[in-house]
Amino acid sequence: MKRVIFYSFLSLVVAANVEAQNKIVIQSDSGKFVINKNIYGHFSEHLGRSIYEGIYVGGKNRAIPNTDGIRNDVVDALRKLKVPLLRWPGGCFADIYHWKDGVGPKKKRASIVNQWWGGVTEDNSFGTNEFLNFCKMIAAEPYISGNVGSGTPQEMSDWVNYVNGAPGASPMSQWRVKNGQKQPWTATYWGVGNEAWGCGGNMTPEHYANLFRQFATYLTPVNNTKMFRIASGASSADENWTEVLMKNIPLNLMQGIGVHHYAVIDWQKKGSSVNFSEKEYFATMKEALKMDDIVSRHAAIMDKYDPGKQVALIVDEWGGWYDVDPGTNPGFLFQQNTMRDAVLAGATLNIFNNHCERVQMANLAQMVNVLQAVVLTDKEKLILTPTYHVMEMYNVHQDATMLPVKTIAEDYQFEEGKLPAISASASKDKNGITHISLTNIDASRAKEITIELKGNAYKTISGRILTSDKLQNHNSFDTPEKIRPAPFNVEMKDNKALIRVPPFSVVVLAAN
């Protein structure tokens, strides 16, 4: 309660006669484009404790409450988060995964060695049926990444027929019925391979473009289910990859093209997820904010070949990536999640919201126990990370109309470098409520910000904030609620509000 009063008092104190140097102007009557809910998608790979232990514990587990092996606590948390879409089974794992090994009686399923992540052997007890049923449990649409690196067009076509085919329409749909699922699921989104430039086959863009054309030809709609085919996209700033694919793949074969970008300081020395310096924090935020330029540049290339914007830009892997926690398997990519990650998530989502005309989907890497996870588990225990809370605060933007935002911001300066301290995005939902999300990435200085709403008359405004007194703070299994959203009191007069946002904080406001 003390924190709420404190912010309210500060809001009143700074509501003085002089406006702040930081200003956010929102045109509330000029929205044209919808923020696709799938921008708030997630990614879950067969990697470490993401699937096994994190999502799936097996139906015979009595210590952890579950439904058909799926953890009930994880389902509850993700439903509250309003996860719209989930990408699976990889990642690098996708191009060694043969889906037919993961269906049918579990005792008869073939095992697989996960050569990419830890060299562990898994029994394929979590396969297509389990994944699609999990998606139903959390009310998310499935996004299936197909095997191009070591698979065939026939294998992927069979997968589509198994998932979407009417009962008895084909041998694959009949096999699904035999395996206990009479009615088809609805899987619209299909990735044609993953990171084809790297772990997906070390291909040239020209070679992959030809392979995509071949695979896509046989990925046709089944049982009146639409087919949204997503090409394996570029790594960060590799604009040539996007250029070659846009030039060589007919637009009618490709509905989306991917891009991956992680906020990594140094791939050889990523740094601790918890014990980091301000220098490392600044470097991480610098890499995270590059997302705006990356999206802009790839979108500009797409505009050359697709001025009508038929093809969506899909950021199907993004997030912070650090060294694994000490004492954990290096191949499991388990890391903690601090206020650094909360601010990173808020700033990145603002970028996606503002580019929603072209960006139609983004998938945070990864959902549970891997990289920038929203949920961490330890046996029967579960905690929600700061990133979870940001995704929950921001879900008000899902399927809302994006409002143009002009942001005038001071710099966050560290040593010789500087970055814009404030990022923001805004939208209007179907009930006419305007939501404004903003982050202050400055590690030490609060920011006074004037918010001006133009185009409509507003009577009320309220808010929530995610903040803490130390950048390295995080939720642990001993202190699971150290960081969580709190009310943020703010007053508005003549469609203007003057607020004070603490360092490394995330705020979401609602005006009506």
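Preceding this paragraph is the structure being described.
Throughout what follows, the structure given in this document is the object of discussion. (Residues numbered from 1 in each chain as written. Predicted model: local features only at pLDDT ≥ 70, side-chain atom pairs only at ≥ 80, totals over all residues. Heavy atoms only, no water.)

## Side note on helix 7 (residues 239-248)
Condition: For every residue, the accessible area obtained with a 1.4 Å probe (protein chains only) is divided by the maximum for its type, and the residue is called buried under 20%, exposed over 50%, and partly exposed between those limits. We count a stretch as a helix when DSSP gives it H or I for four or more residues in a row; a strand needs E for two or more, and each element gets its number in order from the N terminus. Contacts: residue pairs with any heavy atoms within 4.5 Å of one another.
When helix 7 is considered as a whole, its buried residues turn out to be Trp 241, Thr 242, Glu 243, Val 244, Leu 245 and Met 246. The secondary structure elements touched by the buried residues of helix 7 are helix 6 (205-218), strand 10 (228-235), strand 11 (256-263) and helix 8 (278-305).

## Observations regarding the nonpolar core
Threshold: Here, nonpolar core means buried Ala, Val, Leu, Ile, Met, Phe, Trp, Tyr and Cys residues that are tied together by side-chain atoms lying within 4.5 Å of each other.
Within the largest apolar cluster, 137 residues are counted, with the highest numbers of intra-cluster contacts made by Leu 78, Tyr 281, Trp 318, Phe 352, Met 367 and Leu 438. Core analysis: the second largest hydrophobic core is formed by 12 residues, Cys 92, Ala 365, Val 370 and Leu 371 among them.

## Re the sheet that holds strand 22 (residues 447-454)
Formally: Two strands qualify as a pair provided DSSP detects at least 2 bridges between them.
In spatial order, the strands read 17-1-22-26-25; together these 5 strands make up an open sheet with mixed pairing. For this open sheet the edge positions go to strand 17 (405-408) and strand 25 (492-493), each flanked by a neighbour on one side alone. Pairing of strand 25 with strand 26 (residues 496-501) involves 2 bridges; the strand directions are antiparallel. Residue pairing across strands places Met 492 opposite Ala 497, the latter belonging to strand 26.

## Some details on the packing of helix 2 (residues 72-81) against helix 10 (residues 386-394)
What counts is decided by this rule: To obtain an axis, a line is fitted to C-alpha atoms, over the contacting stretch when the element is a helix, and the angle between two such axes runs from 0 to 180 degrees between their N-to-C directions. Between 65 and 115 degrees an angle is taken as roughly perpendicular, under 35 as roughly parallel, over 145 as roughly antiparallel, and anywhere else as oblique. Each residue is assigned to one class: nonpolar for Ala, Val, Leu, Ile, Met, Phe, Trp, Tyr, Cys and Pro, charged for Asp, Glu, Lys and Arg, and polar for all the others, Gly among them.
Viewed as axis vectors pointing N to C, helix 2 and helix 10 meet at an angle of 40°, and their least axial separation amounts to 9 Å. The angle between the axes of helix 2 and helix 10 places the two elements in the oblique class. Judged by residue contacts, Ala 77, Lys 80 and Leu 81 of helix 2 engage Tyr 388, Met 391 and Glu 392 from helix 10. For the contact of helix 2 with helix 10, the class distribution of residues is 4 nonpolar, no polar and 2 charged.

## As for the pattern of salt bridges
Defined as follows: Salt-bridge detection follows one rule: a side-chain nitrogen of Lys or Arg within 4 Å of a carboxyl oxygen of Asp or Glu.
Scanning the entire structure with this criterion turns up 23 salt bridges. Linking Arg 500 and Glu 448 is a salt bridge whose minimum nitrogen-to-oxygen distance equals 3.7 Å. Taken together, the residues Arg 500 in strand 26 and Glu 448 in strand 22 connect sequence positions 52 residues apart. Accessibility expressed as a relative area gives 31% for Glu 448, which makes it partly exposed. What you see here is one network of salt bridges that share partners, running through Asp 303, Asp 306, Lys 309, Glu 357 and Arg 358.

## So, the state of the cysteines
The following threshold applies: Here, a disulfide means two cysteine sulfur atoms that sit within 2.5 Å of each other.
All told, the structure shown has 1 disulfide when counted by the stated rule. Bridging Cys 92 to Cys 199, the disulfide has an S-S length of 2.2 Å. The S-S bond linking Cys 92 to Cys 199 shows a torsion near -90°; that makes this disulfide left-handed. A residue pair is termed long-range when its members are at least 10 positions apart, and Cys 92 in the loop between strand 5 (85-88) and strand 6 (112-113) and Cys 199 in the loop between strand 9 (189-192) and helix 6 qualify at 107 residues. Judged by its relative accessible area of 10%, Cys 92 falls in the buried class.

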